[in-house]
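# Coordinate analysis (summary)
Read off the chains here:
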Amino acid sequence: MRHRVAHRKLGRTPSHRKALLRNLAATLIEHGHLRTTLAKAKEVRPFTERLVTLGRRSDLAARRRAMQILPRKEIVRHLFHEVGPRFLNRPGGYTRILKLGPRKGDGAPMARIEFVD
């Protein structure tokens, strides 16, 4: 039984998993969409949505918190100047996951995660 088991391990150590989620979220914020496996897309969705909520707040504490999480300053700038203001009137649910076919090499289920417009 999976009672109280919150997240997927993705076959990685905790530090590797944290780095993976940070980089996937940064790519999603920078480009607006991302093609990855379904498990990674489902895992990065709440991570990214919390960052967008920080971007909506747009105060100094939120900016410092985002700087702790995201790897580069220009991604944080993009989050607070373009992505955050875009969702000011939306109460949540900033991303969508679209299922794609299986990956050609190993048959892993693929997905595209993108911001809703």
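Residues numbered from 1 in each chain as written. Predicted model: local features only at pLDDT ≥ 70, side-chain atom pairs only at ≥ 80, totals over all residues. Heavy atoms only, no water.

## Quick look at the environment of Lys 40
Basically, it comes down to this: In this text, helices come from DSSP runs of H or I with a minimum length of four residues, and strands from runs of E with a minimum of two, each type numbered from the N-terminal end. Think of it in three bands: with a 1.4 Å probe and only protein chains considered, a residue is buried below 20% of the maximum accessible area for its type, exposed above 50%, and partly exposed in between. Two residues form a contact once any of their heavy atoms are found within 4.5 Å.
Looking at the secondary structure, you find Lys 40 in helix H2 (residues 38-57). The buried category is assigned to Lys 40, whose relative accessible area is 19%. If near-sequence neighbours (up to four positions away) are discounted, Lys 40 is found in contact with Leu 10, Arg 12, Leu 20 and Leu 24.

## Observations concerning the packing of aromatic side chains
Geometrically, a pair of aromatic rings is defined through the distance of the ring centres and the angle of the planes. Worth spelling out the cut-off: Here a pair means two rings of Phe, Tyr or Trp (six-membered ring of Trp) with centres within 6.5 Å. Their orientation is stacked below 30 degrees between planes, edge-to-face above 60, and tilted elsewhere.
A full pass over the atoms with the stated rule returns two aromatic pairs. Their ring planes at 50° and their centres at 5.2 Å tell us that Phe 87 and Tyr 94 sit as a pair that is tilted. Overall, Phe 87 belongs to the buried group, its relative accessible area being 4%. For Tyr 94, a relative accessible area of 2% translates into the label buried.

## Concerning the packing of helix H3 (residues 60-69) against helix H4 (residues 73-86)
Applicable threshold: Axis lines are fitted through C-alpha atoms, for helices just across the contact stretch, and the angle between N-to-C directions can take any value from 0 to 180 degrees. Any angle that falls under 35 degrees is termed roughly parallel, while one over 145 is termed roughly antiparallel, one within 65 to 115 roughly perpendicular, and all others oblique. Helix crossings get a hand from a simple test, with the near helix turned counterclockwise from the far one by less than a right angle marking a left-handed crossing and a clockwise turn marking a right-handed one. In this classification, Asp, Glu, Lys and Arg are treated as charged, Ala, Val, Leu, Ile, Met, Phe, Trp, Tyr, Cys and Pro as nonpolar, and every other residue, Gly included, as polar.
The N-to-C vectors of H3 and H4 enclose an angle of 140°; their axes lie 9 Å apart at closest approach. Put simply, H3 runs oblique to H4. The handedness of the crossing between H3 and H4 comes out as right-handed. Every residue of H4 that contacts H3 at Ala 62, Arg 63, Ala 66 and Met 67 is listed here: Lys 73, Val 76, Leu 79, Phe 80 and His 81. Here the residues of the contact of H3 with H4 are counted per class, giving six nonpolar, one polar and two charged.

## So, unusual backbone geometry
We note that Arg 4 has phi near 60°; this positive angle belongs to a residue other than glycine. Position of Arg 4 relative to the elements: it lies in the segment before helix H1 (14-31).

## Some words on the sheet that holds strand E1 (residues 33-37)
What counts, and what does not: Whether two strands pair comes down to DSSP finding at least two bridges between them.
As summarised here, the arrangement of the three strands in space is E1-E3-E2, forming an open sheet in which the pairing is antiparallel. The sheet is open, and its two edges are formed by E1 and strand E2 (95-102), each paired on a single side. Averaged over neighbouring strand pairs, the angle between their axes works out to 25° when direction is ignored. The pairing of E2 with strand E3 (residues 109-115) spans six bridges and is classified as antiparallel. From the neighbouring strand, Lys 99 faces E3, where its bridge partner is Ala 111. Along the sheet, H1 makes contact with E1, E2 and E3, crossing E1 at roughly 145°. H2 rests against E1, E2 and E3 of the sheet, and its axis sits at about 15° to E3.

## Considering the packing of H2 against H3
Close contact between H2 and H3 brings their axes to 8 Å; oriented N to C, the two are set at 150°. The angle between H2 and H3 places the two elements in the roughly antiparallel class. Crossing angle aside, the handedness with which H2 passes H3 is left-handed. Between H2, through Phe 47, Leu 51, Leu 54 and Arg 57, and H3, the contact on the second element is made entirely by Ala 61, Ala 62, Arg 65, Ala 66 and Ile 69.

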